[in-house]
Amino acid sequence: MTVRLTVAQALVRFLAAQYSERDGIEQRLIPGCFGIFGHGNVAGVAQALLETAESGDLPYHLARNEQGMVHAAVGYSRMRNRLQAMACTASIGPGSTNMLTGAALATTNRIPVLLLPSDIFATRVASPVLQELEQPSGYDVSVNDAFRPLSRFFDRVWRPEQLPSALLGAMRVLTDPAETGAATIALPQDVQAEAHDWPDELFAKRVWHIPRPVPEPAALARAAAIISSARRPLLVAGGGVHYSEAGDALRRFAEATGIPVADTQAGKGALLWEHPQAVGGVGSTGSPVANALAREADVVIGVGTRYSDFTTASRTAFQNPDVRFVNVNIAAFDAAKHAGSTLVADARAALDALVDAVEGYRVDDAYTAAHRAHATEWNQVVDQAVHLGHAPLPAQTEVLGALNEEMDTRDVVVQAAGSMPGDLQMLWRARDAKQYHVEYAYSCMGYEIAGALGVKMAAPDREVFALVGDGSYLMMSQELVTAVSEGIKLNVVIVENRGFASIGALSESLGSQRFGTAYRYRNPETGQLDGDVLPVDLAANAASLGADVIRVRTIEEFRAALARSRASDRTTAIHIETDPLAPVPSSESWWDVPVSEVAQLMSTNQARKTYEAHKAEQRPLLRPSGAPGSEEGSP
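Report follows, based on the coordinates. (Residues numbered from 1 in each chain as written. Predicted model: local features only at pLDDT ≥ 70, side-chain atom pairs only at ≥ 80, totals over all residues. Heavy atoms only, no water.)

## Here's the deal with the packing of aromatic side chains
Consideration 1: Enumeration over the complete set of coordinates arrives at six aromatic pairs.
Consideration 2: With 4.5 Å between their ring centres and 55° between their planes, phenylalanine 310 and tryptophan 591 make a pair best called tilted. Separated by 281 residues along the polypeptide, phenylalanine 310 in the loop between β15 (299-303) and β16 (324-329) and tryptophan 591 in the loop between β23 (572-577) and α23 (602-615) bring together distant segments of the chain.
Consideration 3: Ring centres of tryptophan 590 and tyrosine 611 lie 5.9 Å apart, and the angle between their planes is 50°; this geometry places the pair in the tilted category. Taken together, the residues tryptophan 590 in the loop between β23 and α23 and tyrosine 611 in helix α23 connect sequence positions 21 residues apart. Like tryptophan 590, the residue tyrosine 611 is buried in the burial classification. (Phe/Tyr/Trp six-rings, centres within 6.5 Å; stacked < 30°, edge-to-face > 60°. Helix = DSSP H or I, 4+ residues; strand = E, 2+ residues; numbered from the N terminus. Buried < 20%, exposed > 50% of the residue type's maximum accessible area, 1.4 Å probe, protein only.)

This is the structure we're talking about:
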């Protein structure tokens, strides 16, 4: 039996019948579609979504920015532990290429999203069409080929017969925790509207089973032997702990062995901050406690981490010359990093197996006592930083501290770029596994509000706080309109410091004197952007987009505004100005950003000397991670 449908109608019907399953829990794989319609998809995908609007088979959400809608899709999927993925449809040309940054963000973060960019005419009868990029080297190239390196799966449907294989390939990648990321199916605009006779079985309910691969016994034995030989071990928990829902398994392993647990940006909350084995973030923006342990660690157990340069402090964090790595990851690509002993498995399954495999092993009491004493000292520093009493404008650390204290356990803070992710990883005290949502793999300015929209859609029973600086707000605030139109309540905290605080501080540390990082008028006397402050009113802008707005100046007013915002059922923005030069505690770590080797400026030359001193501490991390004294690797 067959049914005659257009390619777009077949696409929508297929997506509505896809389900994911893990641990016996089944749910819709593609719960909805974000989109902005134009001449590339208005007669194709849009018409197909219209036909299913009443049934609700694939709910449609009108976005305001194509990049923003991909960010929202990422926020949704991450909140659902990658068990669901939203679709995103865009028109031909700029509508589709606007999604490129979102595709890169999704793939870098290992988060599944389905992208449906519209494309040029397959028939070419009217070429070149509006918004078509012509390439003299070939007529089969379009701007959508830019998605290829940014996607974990890419296909273009030139003919209706190609749609089934493209759809099945995309679903495979979306549901493969080791391979997932952006899955892109480019849809020529004429093909979207073309009819075809489809076999009924294409639209049958299809359940994609998301696996929990168990450790291979020999690899488990190698990992257990290395861990059991450790005197100063450290576990680094990454995002994979959350995605595999391995928090309880991690806690059992930490309690059984006494091994301290540090976390990455994606892994924060994997072990809650009050746990005696929790030592905070590790790396460039981590805590001095975790970084001190990292410097001396003889065995580092990475669980679900991709070891970014921020996590490894640009390969200066782990200074023990005999350090060995045991890497637990569902992706062999990540498990093999730093010449580690690889344990390719689901994080929860691997940690449960390791508890039994290292039975009887426990770190020395003196090691535990030392890092707990250091943690007690550090907590006093954190308390001081978040209650600084800075004047006349409050410090950013005070805003973060007040937000942390006023939020309920199940509330979620969403952040992405600028100076706040560093302050958050260092200072935030996560009281729930899903409370901390910081996108730091791609560190994309503009993710915050759009990502928060997706988080709230995925978890409507939680209060969601989008924490956004003025730089990121100016990059992308349009999804405020989407939240208002959908009746989705967000709490938005706009922290204004009239410039790029993070890059300003980085510029100063690299000898570039905060050049070009302040939001100022151009000064006619100097020719530089160092004149008076610009009269930009972000609070008024938020109000113009439909949000309720509360302006505050002090931390006391800010706390009261948080309570008002929480009590409201409308999207509310709280605006507060902070001092970009207020002090922040040191992570006692480093990040590799090259400094000019020659310069006329004394500040740059001095920064270069500091840079070279840190570069001397970088390590290749190539030592085979076999047994102590062994040169045998364990791939």
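## Structural notes on the packing of helix α1 (residues 7-16) against helix α6 (residues 163-174)
Any two packed helices are characterised by how steeply their axes cross, that is the angle between the axes, and by the distance between the axes.
Consideration 1: It is at 11 Å that the axes of α1 and α6 come closest, and there the two elements cross at 35°. The crossing of α1 and α6 is right-handed. Where α1 approaches α6, its residues Val7, Ala10, Leu11, Phe14 and Leu15 are matched on the opposing element by Leu163, Leu167, Leu168 and Met171.
Consideration 2: Of the residues belonging to the contact of α1 with α6, the class tally is nine nonpolar, no polar and no charged. (Axes fitted to C-alpha atoms, helices over the stretch in contact; angles between N-to-C directions. Left-handed = near helix turned anticlockwise from the far one by under 90°. Contact = heavy atoms within 4.5 Å. Nonpolar A, V, L, I, M, F, W, Y, C, P; charged D, E, K, R; others polar.)

## Digging into the sheet that holds strand β9 (residues 182-188)
Consideration 1: Taken in spatial order, the six strands of this open sheet run β5-β4-β6-β7-β9-β8, and their pairing is parallel. A single partner strand is all that each edge strand has here, and the edge strands are β5 (60-62) and β8 (153-156). Taken over all neighbouring pairs, the strand axes of this sheet differ in orientation by 20° on average, direction set aside.
Consideration 2: For strand β6 (residues 87-90) and strand β7 (residues 113-119), the ladder comprises four bridges, and the chain directions are parallel. Bridge pairing in β7 links cysteine 88 to leucine 115. (Pairing = 2+ DSSP bridges.)

## Structural notes on the sheet that holds β15
Consideration 1: The six strands lie next to each other as β14-β13-β12-β15-β16-β17, forming an open sheet whose pairing is parallel. Looking at strand neighbours, the two that pair on one side only are β14 (278-281) and β17 (341-344), the edges of this open sheet. The average angle at which neighbouring strand axes cross in this sheet is 20°, direction not considered.
Consideration 2: Pairing of β16 with β17 involves four bridges; the strand directions are parallel. Note that in β17 the partner of asparagine 327 across the bridge is threonine 342.

## Quick look at the pattern of salt bridges
Consideration 1: Enumeration over the complete set of coordinates arrives at 32 salt bridges.
Consideration 2: Ionic pairing is found between glutamate 255 and arginine 251, a salt bridge with its closest N-O pair at 3.4 Å. Highlighted residues: glutamate 255 and arginine 251, both in helix α10 (residues 247-257), separated by four residues, approximately one helical turn.
Consideration 3: By relative accessible area, which is 37% here, glutamate 255 ends up partly exposed.
Consideration 4: Arginine 566 is paired through a salt bridge with aspartate 411; the nearest N and O atoms lie 2.0 Å apart. Of this pair, arginine 566 sits in helix α22 (residues 555-567) while aspartate 411 sits in the loop between α15 (396-406) and β18 (412-415), placing them 155 residues apart in sequence.
Consideration 5: On the basis of relative accessible area, arginine 566 is assigned to the partly exposed category, the value being 24%.
Consideration 6: With a relative accessible area of 3%, aspartate 411 lands in the buried category.
Consideration 7: Taken together, the salt bridges that share partners define one network made up of Arg22, Asp23, Arg212, Glu245, Asp346 and Arg348. (Salt bridge = Lys/Arg side-chain N within 4 Å of Asp/Glu carboxyl O.)

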